[in-house]
Structure formats: structure tokens, C-alpha cells
Amino acid sequence: MTTRYQDVRANAASGLRRNGVLIEATRGAKVRAPYFGRVIYADWLQGLGLLLIIGHNGNYMTLYGHAEVLYKSVGDWVAPGDVIASLGDSTVAAPQLYFEIRDGRKAVDPKLWLKATP
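Remember, it's a predicted structure, so these values are computed and weren't measured experimentally.

1. So, the nonpolar core
Within soluble globular proteins, side chains that are nonpolar generally end up buried alongside one another.
Phase 1 of the analysis: Grouped together as the largest cluster of nonpolar side chains are 16 residues, with contacts concentrated most on Val31, Ile54, Tyr64 and Ile84.
Phase 2 of the analysis: Among the elements of the structure, β4 (49-55), β5 (60-70), β7 (83-87) and β8 (96-103) are those that each provide at least two residues to this core.
Phase 3 of the analysis: One finds Leu48, Ile53, Leu63 and Tyr98 within the second-largest nonpolar core, a separate group that totals six residues.

2. What about the packing of aromatic side chains?
Phase 1 of the analysis: All told, the structure shown has two aromatic pairs when counted by the stated rule.
Phase 2 of the analysis: Between Tyr35 and Phe36, the ring centres sit 5.6 Å apart and the planes meet at 75 degrees, which makes this aromatic pair edge-to-face.
Phase 3 of the analysis: Ring centres of Tyr64 and Phe99 lie 5.5 Å apart, and the angle between their planes is 45 degrees; on these two criteria the pair is classed as tilted. Placement of the pair is Tyr64 in strand β5 and Phe99 in strand β8, with a sequence separation of 35 residues.
Phase 4 of the analysis: Residue Tyr64 is classed as buried on the basis of its relative accessible area of 3%.
Phase 5 of the analysis: Of the residues examined, Phe99 reaches a relative accessible area of 8% and is grouped as buried.

Analysis parameters
- Residues numbered from 1 in each chain as written.
- Predicted model: local features only at pLDDT ≥ 70, side-chain atom pairs only at ≥ 80, totals over all residues.
- Heavy atoms only, no water.
- Core = buried A, V, L, I, M, F, W, Y, C linked by side-chain atoms within 4.5 Å.
- Buried < 20%, exposed > 50% of the residue type's maximum accessible area, 1.4 Å probe, protein only.
- Helix = DSSP H or I, 4+ residues; strand = E, 2+ residues; numbered from the N terminus.
- Phe/Tyr/Trp six-rings, centres within 6.5 Å; stacked < 30°, edge-to-face > 60°.

Interpretation note: all reported values are geometric properties and have no functional meaning in isolation.
Next up, the structure:
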């Protein structure tokens, strides 16, 4: 991860903190759905570029920003492992995935949900 949950955002004069993490990846890397859900947002959003949001059971949402291509549209159902997007260049040197988890309106530390890979 290149930034951690609740890190102060670069160029944020007011001390705004990140509600998610940035994960460095390669250009064109495929982003996969972690769990069953339905796409509730798939469009461009200032600061996050192409953004996809999946609504999951229990009022959870997962957010995926800095995509180059979105493979799903609003209303599409997804299953674990489905390719939902691919990464492109972001505003930094290397492509990065912005990943956020929300429980309703409250941001949740993604570290609690991400599994480390050797």
C-alpha cells in the first residue's frame, strides 16, 4: 500500500484524511470483486477518476477508484472474482487502485478486510 487508511491527503490544507487506501499496481491490472453485490455507481468522480461502487449485503459498500476501464454498469450483479475494472495511470507516477470500504456512511479500515499475500 502506498497510503494507509486515515493518512492525511497530499495537498489538503484542511488536514483531510483518506477514507481508503492506495494500492500500487501495474497499468492494466484487473480489479476483481471481493464478494457478491450489485454495482450502485460507475462513473467519473473528481479526485478518484473512474470510480465503481458495489453495494453488498449488510449495508456494506466497496469503492474502487483510478480505473482506466469499468467493465460493469450500474445495476449489474457481481460475484467474487468477477473482473470489474482495470487500472490506468493516476495522478501519481505509478498506477494505483483507490480502495475503500464503508459500513453505511462510516468508513472502515480496509486493512481489517484485506488478506496479505506472500
